[in-house]
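Structure at a glance
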Amino acid sequence: MKTLNELKKAAQSKSFDGAKRKFLTMKDGDAHRIRFRQELTEDSKNYTEERGTALVVSVHTNPLNFRLRLACTSESEEHGFRCWACEQVNQNNRWRAQQKMLINIAVQEPNGAWEPYILEQGFGKSHIGNALIDNALEFGSIVDRTYKLSRTGSKLHDTSYTLLPLAESEEADDLKQVELFSFDGLYKSLPYAEQQEFFFPSDEESPAKSW
């Protein structure tokens, strides 16, 4: 991603070395001090090719089973610019793709140590995606300071995340050593002919029964 305007069009990830990937999960009332390890786009002032950028992907979720998710293929030449889930939107709007952002972060533990995680967020009003873009535009960078990330709410429709930027500060030496995780394979992408079967295996409820 070279500019913020291209952010939501990104569909390829950078590869990084690292151990088993960890996603940051938070409960109601949790708050963490975090550092973003990557910029959003290549035109940010502290971008480095070694760290790469955040990844943004359009993702479809089965309305009947949130665990079944596929990357949208409507803009993929490899998949013939076709996407089965997109074709279902006119019948059921809940098939509409959602923009998901992945970015490497470090979370400060109570003992002061930094632990690596992948943060997944969206761009709706309850997520921090848009706030993060605002911070990138305001400061020219998101890796130049610590942020406070908080969660309120415990249910699907009352949960929200907030992001508070703190004073600009350089990365400590121990923070610089925190590993970066790969995004490869985190969002499954299948050929068009296999997508319906993925969302509705032969022993599952058919799409016609869902609306």
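Residues numbered from 1 in each chain as written. Predicted model: local features only at pLDDT ≥ 70, side-chain atom pairs only at ≥ 80, totals over all residues. Heavy atoms only, no water.

1. Section: the pattern of salt bridges
Which entries qualify depends on this criterion: Salt bridges, as used here, are contacts in which a Lys or Arg side-chain nitrogen is within 4 Å of a carboxyl oxygen on Asp or Glu. Relative accessibility decides the category of a residue: with a 1.4 Å probe and only protein chains considered, values under 20% of the type maximum give buried, values over 50% give exposed, and everything between is partly exposed. Only DSSP runs of H or I reaching four residues or more are called helices, and only runs of E reaching two or more are called strands; each is numbered from the N terminus.
Counting across every chain of the model gives 8 salt bridges. The closest approach of N and O atoms between Lys27 and Asp30, which form a salt bridge, is 3.7 Å. According to the relative accessible area criterion, Lys27 is exposed, its value standing at 59%. A salt bridge links Arg145 to Glu168; its shortest N-O distance comes to 3.9 Å. Here Arg145, found in strand 6 (residues 145-152), pairs with Glu168, found in strand 7 (residues 160-168); they are 23 residues apart in sequence, far enough to count as distant. Given the relative accessible area of 7%, Arg145 is considered buried. Taken together, the salt bridges that share partners define one network made up of Arg37, Arg51 and Glu171.

2. Observations regarding helix 2 (residues 129-139)
Where we set the bar: Think of it as the arc spanned by the lines of direction from the helix axis to the C-beta atoms.
Every buried residue of helix 2 is listed here: Gly129, Leu132, Ile133, Asn135 and Ala136. Along helix 2, the residues classed as buried sweep out an arc of 160 degrees about the axis, all on the same side. Residues of helix 2 that are exposed and point more than 90 degrees away from the buried face comprise Leu137 and Glu138. Trailing helix 2 by a residue or two, Gly140 shows a phi angle of about 80 degrees, which is positive.

3. Description of the environment of His32
Within the secondary structure layout, His32 lies in strand 1 (residues 31-36). Residue His32 is classed as partly exposed on the basis of its relative accessible area, which comes to 23%. Residues His32 and Gln108, 76 residues apart in the sequence, show an inter-C-alpha distance of 7.0 Å.

4. A look at the side chain of Lys100
Quick note on the threshold: Positive charges are assigned to Lys and Arg, negative charges to Asp and Glu, while His and the chain termini are left out of the count. Contact between two residues is taken to exist if any of their heavy atoms lie within 4.5 Å; hydrogens are not considered.
Its location among the elements puts Lys100 in strand 4 (residues 98-108). Of the side chains bearing the opposite charge, Glu120 lies closest to the buried Lys100, which forms no salt bridge; the N-O distance is 5.5 Å. Those residues in contact with Lys100 that lie beyond four places of it in its chain are Leu55, Val56, Val57, Val59, Arg69, Glu120, Gln121 and Tyr187.

5. Thoughts on the nonpolar core
Put simply, the rule reads: To form a nonpolar core, buried Ala, Val, Leu, Ile, Met, Phe, Trp, Tyr and Cys residues must be joined to one another through side-chain atoms within 4.5 Å.
By size, the foremost hydrophobic cluster in this structure holds 24 residues, and its most contacted members are Phe36, Leu40, Ile105, Ile142 and Leu149. Listing elements by their share of this core, those giving two or more residues are strand 1, strand 4, strand 5 (114-122), helix 2, strand 6 and strand 7. For this core, the element with the most residues is strand 4, which contributes 4 residues. One finds Ala85, Val89, Leu190 and Phe200 within the second-largest nonpolar core, a separate group that totals 11 residues.

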